[in-house]
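Spelled out from the first residue to the last, the chains are:
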Amino acid sequence: MLDASSLLIIAGTFLVAGAVKGVIGLGLPSVSLAFLAVAMDLPTAMALLLVPSFVTNIWQSVVGGSARAILVRLWPFLAMATITVWIGAAALTRIDLLLLTALLGGLLITYSVVNLVGFRMVISSRQERWAGPLFGVANGVLTGMTGSFVVPGVMFLQAIGLPRNMLIQAMGMLFTVSTVALAAALQQSNFLTLQSGAISVAAVIPAIAGMILGQRIRNRLSEQTFRTVFFVSLFILGTYIIASSLRVFY
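Thresholds applied
Residues numbered from 1 in each chain as written. Predicted model: local features only at pLDDT ≥ 70, side-chain atom pairs only at ≥ 80, totals over all residues. Heavy atoms only, no water. Helix = DSSP H or I, 4+ residues; strand = E, 2+ residues; numbered from the N terminus. Rg over C-alpha atoms; globule rule 2.2 N^0.38 Å. Contact = heavy atoms within 4.5 Å. Salt bridge = Lys/Arg side-chain N within 4 Å of Asp/Glu carboxyl O. Buried < 20%, exposed > 50% of the residue type's maximum accessible area, 1.4 Å probe, protein only. Phe/Tyr/Trp six-rings, centres within 6.5 Å; stacked < 30°, edge-to-face > 60°. Core = buried A, V, L, I, M, F, W, Y, C linked by side-chain atoms within 4.5 Å. Patch = residues over 30% accessible without salt bridge, like charges linked within 9 Å, V, L, I, M, F, W, Y side chains within 5 Å. Areas by Shrake-Rupley, 256 points an atom, 1.4 Å probe, with all protein chains shown as cover.

1. Quick word on the overall build of the protein chain
Inference 1: Broken down by element type, the protein chain carries 13 helices and 0 strands.
Inference 2: Counting from the amino terminus, helix and strand elements in the protein chain follow one another as α-α-α-α-α-α-α-α-α-α-α-α-α.
Inference 3: For 250 residues, the compact-globule formula gives about 18 Å, and the C-alpha radius of gyration of the protein chain, at 17 Å, lands near that figure.
Inference 4: With the C-alpha coordinates of the protein chain rotated into their principal frame, the extents come out at 50 × 45 × 30 Å.

2. Some thoughts on the side chain of Ser 30
Inference 1: Summarising the element assignment, Ser 30 is placed in helix H2 (residues 28–39).
Inference 2: Setting aside anything within four residues of it in sequence, one finds Ser 30 in contact with Leu 108, Tyr 111, Val 150 and Leu 234.

3. Here we look at the pattern of salt bridges
Inference 1: Inspection of every chain in the model, using the stated rule, returns 1 salt bridge.
Inference 2: Glu 128 serves as the salt-bridge partner of Arg 73, at 2.9 Å between the closest nitrogen and oxygen. Taken together, the residues Arg 73 in helix H5 (residues 67–83) and Glu 128 in helix H8 (residues 125–146) connect sequence positions 55 residues apart.
Inference 3: Overall, Arg 73 belongs to the partly exposed group, its relative accessible area being 36%.

4. Quick notes on the packing of aromatic side chains
Inference 1: This structure, assessed with the given rule, holds 5 aromatic pairs.
Inference 2: Between Phe 230 and Phe 231 the ring centres are 4.7 Å apart and the planes differ by 55°, which places this aromatic pair in the tilted class. The exposure classification of Phe 230 matches that of Phe 231, with both residues buried.
Inference 3: What links up through ring pairs into an aromatic cluster is the set Phe 77, Phe 135 and Phe 156.

5. Some points on the nonpolar core
Here is a general trend for soluble globular proteins: nonpolar side chains tend to be buried in one another's company.
Inference 1: Residues Phe 14, Leu 74, Phe 156, Leu 157, Leu 162 and Phe 230 are the most contacted members of the largest nonpolar core, which totals 71 residues.
Inference 2: The leading source of residues in this core is helix H10 (residues 164–188), at 11 residues.

6. Quick word on a nonpolar patch on the surface
Inference 1: Among the surface-exposed residues, Phe 54, Val 55, Ile 58, Trp 59, Val 62, Val 63, Val 180, Ile 208 and Ile 212 lie close enough to one another that they form a single nonpolar patch of about 760 Å² accessible area.
Inference 2: Contributions of two or more residues to the nonpolar patch are made by helix H4 (50–62) and helix H12 (204–218).
Inference 3: When residues of the nonpolar patch are assigned to their parent elements, the largest contribution, 5 residues, is made by H4.
Inference 4: Topologically, Phe 54 is positioned in helix H4.

7. A few points about unusual backbone geometry
Inference 1: The omega torsion of the bond from Val 151 to Pro 152 falls at 0°, within 30 degrees of zero and hence cis.
Inference 2: Structurally, Pro 152 is set in the loop between H8 and helix H9 (153–159).
Inference 3: Notably, Asn 190 is not glycine yet its phi reads approximately 65°, a positive angle.
Inference 4: If you trace the backbone, Asn 190 turns up in the loop between H10 and helix H11 (194–202).

8. Let's talk about the environment of Ile 205
Inference 1: Positionally, Ile 205 belongs in helix H12.
Inference 2: For the pair Ile 205 and Pro 52, spaced 153 residues apart in sequence, the C-alpha to C-alpha distance is 8.4 Å.

9. Comments concerning the environment of Phe 77
Inference 1: With respect to the helices and strands, Phe 77 occurs in helix H5.
Inference 2: For the pair Phe 77 and Leu 103, spaced 26 residues apart in sequence, the C-alpha to C-alpha distance is 23 Å.

And the structure:
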C-alpha cells in the first residue's frame, strides 16, 4: 500500500499536470510521468496516469467536428500507434526499468528542445502516405516502453499541416487510443493492479481541478510565457531523470 506522503505526491502531480493542460491544452501525461518517474518505478507511474489521461483527452478527441475527416486521413498512423504499444510494453519485462526510465527522460528532453527552438518538420501529402505508418509504429513502441505519447507522434501531426482545431482534435484522438492500448498492455503484463487502478481513478479529481485552475491562469498569463516555462521545466526534469537513472544503474 502507498503511504500518505506518496498519495500526496500523486495528488499534487496531477493537480500540476492538469493545470498545465488547462493553460496550453496538452502536457498532462508528460508532466505526470516526469514527476511520478522520479518518485516511483516507471510501470507504476504509467498505470497511474491512465484514467486521468483518458478522461481529459476523450473530450478533446470528440469535440471539433473533424473526427471523420481525421480518421479517413490518419487511420494508418492511428492504427499503427495503437497496435504497436504491445511491442513496446513487452520491454518492461525484458529491459532494465532504469534504462527505460532514462529513455523517458530522453524523450522529455527531445520534446522540450523541439518546442523551445521552434523546430517543425514539413511532410508533404505524398510523403504522408508512407510516413504516417512509420511514425505510428515509432510512437506506439515508445508509448509502450515509456508511457510517453508525444514523440514522435505530435511532431508528425504538426508536420502534415493540419489546421489548428483539427490538430488539437487529432492529438486528442492519438492520446486517447494510446491510453486505451497502454492500459490493455499493462494489464496483460500484470502491471495494472486494483490498487493502481483505484488510485488512477481518484487522480481524476485533482487533474480536473488543475485544469479548471489552469484555464483561469490562461486568462491572466501569456500562453507563450507559460509554454516557455513549461518546456524549460520539462527539459530540467528529463535531465534529472536521466542522471538519476544512470547513476543508480551504474
